[in-house]
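Spelled out from the first residue to the last, the chains are:
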Amino acid sequence: MKLFFSSQCLDYNQPGHPESPERMKSTFEYLKKKGFHFNEPVTCGEEDILRVHSKEHLQGIQMGKLYDYDTPVIPYIIDYARLAAGSAIAVSEHALKGETSFSLMRPPGHHATRQRVMGFCYLNNIAIAIAKFVDNNPNQKAAILDIDCHHGNGSEAIFFGNSSVLYISLHQSPLYPGTGLESRENCINFPLHPNTEESDYLKAMEKACRALIDFNPSLLGISAGFDTYRDDPLTQFGLDILSYTKIGEMIDALKKPTFIVMEGGYSRDLPKCVHALIKGFDH
Ligand SMILES: [Zn+2]
């Protein structure tokens, strides 16, 4: 597993906000102690952003005009968001060279729509990477498997109706943002009730994997949220640290060029959950 990380993503902070620099810092330090090496990402180009977001969206973030309660105006946030999106592109390109790669960056992305910042997300990192691949490879298909506990409304909205991209999400319902209640066209949703435990979760994962096998994408992006963990303060799922290794093994068994992009995960055990998922691939 190749990991991408820049300490620049630790440089912005909103006191009291659950999407804190500490969550990424502790994960980085834990994996470093385990012997992992990290590649430095580069920022993404404007043309990469504009495949997914409107010009108004990009300018709105730059000028501090776009925000919501969860997603505040932060100085230079566009630069941090562009670096996280660049890292998503880097790991997708690395996956195509044959090695599964993980972008350990913030801010996350899967709630950001074409014109809206939402749920701690400014630019939709995974959508930017997938859109670039599909644009550059017109005869090939790509898929997103979103295992964050929240539905990736932004990713779904960006690719809805696009037959080159399959979007699959497993998420808690009811929960923010309240979308993903049904499957439509190229978007398959598994809304799972609060208190879902590992066995029911893995059954839904099996169905998701079968849909991925049928679709047969040339590139698979994982929106990896770890807020499905039983001690996560924002959600009510019951996954264990070892559950992530099982999830990793299931994804790895698909034998598709795979890249992983960090989304949510707010418990103190985030470093162990991330390491457990990586173990599912590195065995
Ligand atoms: Zn989440």
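Before reading on, note that the structure itself is shown above.
Residues numbered from 1 in each chain as written. Predicted model: local features only at pLDDT ≥ 70, side-chain atom pairs only at ≥ 80, totals over all residues. Heavy atoms only, no water.

Draft legend 1. The arrangement of the overall build of the chain in detail. Helices and strands together make up the secondary structure of the chain, namely nine helices and eight strands. If one aligns the C-alpha atoms of the chain with their principal axes, the spans along those axes are about 45 × 40 × 40 Å. Taking all 283 residues of the chain together, the buried fraction comes to 60%. Considering only intrachain contacts with a sequence separation of at least 6, the fraction spanning at least 24 residues in the chain is 74%. With the model as given, the accessible surface of the chain reaches about 11,700 Å², and the carbon-plus-sulfur share is 49%. Counting 27 positive and 34 negative side-chain charges, the chain places the averaged centre of each group 3 Å from the other. (Helix = DSSP H or I, 4+ residues; strand = E, 2+ residues; numbered from the N terminus. Buried < 20%, exposed > 50% of the residue type's maximum accessible area, 1.4 Å probe, protein only. Contact = heavy atoms within 4.5 Å. Areas by Shrake-Rupley, 256 points an atom, 1.4 Å probe, with all protein chains shown as cover. Lys, Arg positive; Asp, Glu negative; His and termini not counted. Charge placed at Lys NZ, Arg CZ, Asp CG, Glu CD.)

Draft legend 2. Broad picture of the sheet that holds strand β8 (residues 258–262). Spatially, eight strands are ordered β2-β1-β3-β8-β7-β4-β5-β6 in an open sheet, and the strand pairing comes out parallel. Both outer strands of the open sheet, β2 (38–39) and β6 (187–192), are each paired with one neighbouring strand and no more. Relative to β8, strand β3 (residues 101–103) runs parallel, the two being bridged by three bridges. Residue pairing in the sheet places S103 in a bridge with V261 of β8. (Pairing = 2+ DSSP bridges.)

Draft legend 3. Up close: helix α9 (residues 270–281). Taking 1.5 Å per residue as the helical rise, α9 with its twelve residues ought to reach 16 Å, and the 18 Å between its terminal C-alpha atoms agrees with that figure. Of all twelve residues in α9, ten are buried; the element is thus mostly enclosed. Those residues of α9 not exposed but buried are L270, P271, C273, V274, H275, A276, L277, I278, G280 and F281. Looking at the buried positions of α9, the neighbouring elements they touch are β1 (2–4), α1 (21–33), β3, β7 (219–224), α8 (241–252) and β8. (Expected span 1.5 Å × (residues − 1).)

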